[in-house]
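Overview (structure and organization)
Chain by chain, the residues:
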Amino acid sequence: MGLFDRFKKPAAPPPRALSPLLGELIGRYGLKRTDSPEDAGLGGEWSEGRYEGRLIAFDERGRNLFLYLGEPAEVTEIYLVAASPGESQALADTRRQIERIGGAEGTALAARFRLGASPSGDRFDIPALRLPALREGLPRLSASVREVSIFDNLGGLALTLDDAATLDSIAADLDIAHAALRALAAEG
């Protein structure tokens, strides 16, 4: 090692190995590996393309696969997490909030998801949860969907998928997510 070798820019790390599922998604949706937008606070590489005129992107982190659809943003407006038997009481209590907001039609949504974050106060409102595309559509997301994040621009969302996701389940989830974004755009 020469005197100036320590000042050389280190070589770029080798590209991350992609899972077989992500490789199949790249082929199915014609995605390209590129840097994710910095203004969305994501950082790093993802695989992106277009789906029904909207940005679609996938990113793997750990055992999770993240599906982004629409305009990414750094701030989440609506954050839902899958209901589970071992959830905390505070998280379980958000079921009542979803039922209050969604009314009788919100029962399926409240059974499937909890509010991972909510505005302060007991009587907050999230009007988007009354839209049929969200109220009825989101409960139909596959069991591999662990989280739903709808961005504050209401023009994009992210789904966190666990390792049970398949090409077919992702295709169905993508259709539901696209319908949710169309409904949000129509309301906006």
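Figured I'd write up the structure that's included with this text. Note that the coordinates shown come from a computational prediction; the quantities given were computed from them, not determined experimentally. (Residues numbered from 1 in each chain as written. Predicted model: local features only at pLDDT ≥ 70, side-chain atom pairs only at ≥ 80, totals over all residues. Heavy atoms only, no water.)

**Concerning the overall build of the chain**
- Tallying secondary structure elements over the chain gives five helices and eight strands in all.
- Going from N to C terminus, the chain has its helices and strands arranged as α-β-β-β-β-β-α-α-β-α-β-β-α.
- Out of the 188 residues in the chain, the part that is buried amounts to 44%.
- By element, 52% of the accessible surface of the chain is carried by carbon and sulfur atoms, the whole surface being about 10200 Å². (Helix = DSSP H or I, 4+ residues; strand = E, 2+ residues; numbered from the N terminus. Buried < 20%, exposed > 50% of the residue type's maximum accessible area, 1.4 Å probe, protein only. Areas by Shrake-Rupley, 256 points an atom, 1.4 Å probe, with all protein chains shown as cover.)

**As for the nonpolar core**
- By size, the foremost hydrophobic cluster in this structure holds 45 residues, and its most contacted members are Leu25, Tyr29, Phe58, Leu69, Leu80, Leu159 and Ile170.
- If one sorts the elements of this core by residue count, helix α5 (residues 167-187) sits on top with ten residues.
- Leu80 has contacts with Ile98, Leu109, Phe113, Arg114, Leu115, Gly116, Leu138, Arg146, Glu147 and Val148, leaving out every residue within four places of it along the chain.
- If you look at the next biggest cluster of nonpolar residues, it comprises eight residues, including Trp46, Tyr68, Ala73 and Phe151. (Core = buried A, V, L, I, M, F, W, Y, C linked by side-chain atoms within 4.5 Å. Contact = heavy atoms within 4.5 Å.)

**A closer look at the pattern of salt bridges**
- Summed over the entire model, instances satisfying the criterion amount to eight salt bridges.
- Arg63 serves as the salt-bridge partner of Asp163, at 2.3 Å between the closest nitrogen and oxygen. Taken together, the positions of Asp163 in the loop between β8 (156-161) and α5 and Arg63 in the loop between β3 (54-61) and β4 (64-70) put the pair 100 residues apart, joining distant regions of the chain. For the pair formed by Asp163 and Arg63, the shared burial category is exposed.
- Two residues, Arg96 and Asp93, come together in a salt bridge whose shortest N-O distance is 3.4 Å. (Salt bridge = Lys/Arg side-chain N within 4 Å of Asp/Glu carboxyl O.)

**A look at the environment of Thr166**
- As for its position among the elements, Thr166 is in the loop between β8 and α5.
- A relative accessible area of 39% places Thr166 in the partly exposed class.

**Regarding the side chain of Arg114**
- With respect to the helices and strands, the residue Arg114 is situated in strand β6 (residues 113-117).
- Classification of Arg114 by relative accessible area gives buried; the value is 7%.
- At a separation of 2.8 Å, a polar atom in the side chain of Arg114 contacts the side chain of Glu87. (Polar contact = N/O pair within 3.5 Å; in protein donor to acceptor, adjacent residues only side chain to side chain.)

**Describing helix α1 (residues 20-29)**
- Those residues of α1 lying buried are Leu21, Leu22, Leu25, Ile26 and Tyr29. Projected down its long axis, α1 shows its buried positions confined to an angular sector of 140 degrees, all on one face. Facing away from the buried surface of α1 by more than 90 degrees, the exposed residues are Pro20 and Gly27.
- The inward-facing, buried residues of α1 contact β1 (32-35), β2 (45-51), β3, β4 and α5. (Arc of directions from axis to C-beta.)

**Describing the sheet that holds strand β7 (residues 145-151)**
- Taken in spatial order, the eight strands make up an open sheet running β1-β2-β3-β4-β8-β7-β5-β6, and their pairing is antiparallel. The open sheet is flanked by β1 and β6, the only strands paired with a single partner. Each strand of the sheet is rotated relative to its neighbour by a mean of 25 degrees, with strand direction disregarded.
- Across five bridges, the pairing between strand β5 (residues 76-82) and β7 is antiparallel. Paired with Tyr79 across the strands is Ser149, a residue of β7. (Pairing = 2+ DSSP bridges. Axes fitted to C-alpha atoms, helices over the stretch in contact; angles between N-to-C directions.)

**Re the packing of aromatic side chains**
- Under the criterion given, the structure shown has three aromatic pairs.
- An aromatic cluster of at least three residues, connected via ring pairs, comprises Tyr29, Tyr51 and Phe58.
- Against the face of Phe66 rests Arg61, its NZ or CZ located 4.1 Å from the ring centre.
- The ring of Phe124 carries Arg100 above its face, with NZ or CZ at 5.4 Å from the centroid. (Phe/Tyr/Trp six-rings, centres within 6.5 Å; stacked < 30°, edge-to-face > 60°. Lys NZ or Arg CZ within 6 Å of the ring centre and 35° of its normal.)

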